[in-house]
Amino acid sequence: MTPKPDEPVVDVNVDEYSLNGTVLGKTAIDISANQELLIVPLESELKKKRKNEEEEALKNNQPVDEFGVAKLHVDENLSFDDFYKITATMGFVGYSTINYVIGENYKDVYNVKLPTSSSPCYCTFFVH
């Protein structure tokens, strides 16, 4: 789970959540109590990262419409509802492949692949 340079890493525990080490807010207020699917502070920061990735791809003559890969670390006590909101937010921004770990034990890395316009599917794959 070692991130590549500039690869987004979202860390969520029961108290707060962060992106690449920068705390964005409180989990109880921004995620758990939020009735909406998208987490606005996280979405805003991830959009900035996606924009930078797209600009870098243009500079290197690479396609900009490819979806990205992100990493996620969630607390083992986090609710599935909160986990779902986080992965949905990451997916809507453009991170369709999410490698994630649960708890403090990083030996089990899981992978979720969200559907994209280039690989439409009505299901989501969670892989261990």
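Residues numbered from 1 in each chain as written. Predicted model: local features only at pLDDT ≥ 70, side-chain atom pairs only at ≥ 80, totals over all residues. Heavy atoms only, no water.

This paragraph deals with helix α3 (residues 80–93). For an α-helix, 3.6 residues make a turn, and residues three or four places apart therefore share a direction. Look at α3: 20 Å from first C-alpha to last across 14 residues, which is about the 20 Å you get at 1.5 Å a residue. Of all 14 residues in α3, ten are buried; the element is thus mostly enclosed. By the burial criterion, the buried members of α3 are Asp82, Phe83, Lys85, Ile86, Thr87, Ala88, Thr89, Met90, Gly91 and Val93. Count one or two residues on from α3 and you reach Gly94, which has phi positive near 130°. (Helix = DSSP H or I, 4+ residues; strand = E, 2+ residues; numbered from the N terminus. Expected span 1.5 Å × (residues − 1). Buried < 20%, exposed > 50% of the residue type's maximum accessible area, 1.4 Å probe, protein only.)

With 20 residues, helix α2 (residues 40–59) extends 29 Å between its outermost C-alpha atoms, agreeing within 8% with the 28 Å of an ideal straight helix rising 1.5 Å per residue. All of the buried residues in α2 are Leu42, Glu43, Leu46, Lys49, Arg50 and Ala57. Viewed end-on, α2 has its buried residues packed into an arc of 130°, placing them on one side of the element. The exposed set on the far side of α2, more than 90 degrees from its buried face, consists of Val40, Leu58 and Lys59. Looking at the buried side of α2, the elements it contacts are β1 (9–12), β2 (16–19), β3 (22–26), β4 (68–74), α3 and β5 (95–102). At the exit of α2 stands Asn61, carrying a positive phi of roughly 55°. (Arc of directions from axis to C-beta. Contact = heavy atoms within 4.5 Å.)

Limitation: the analysis is restricted to geometry and does not speak to function.
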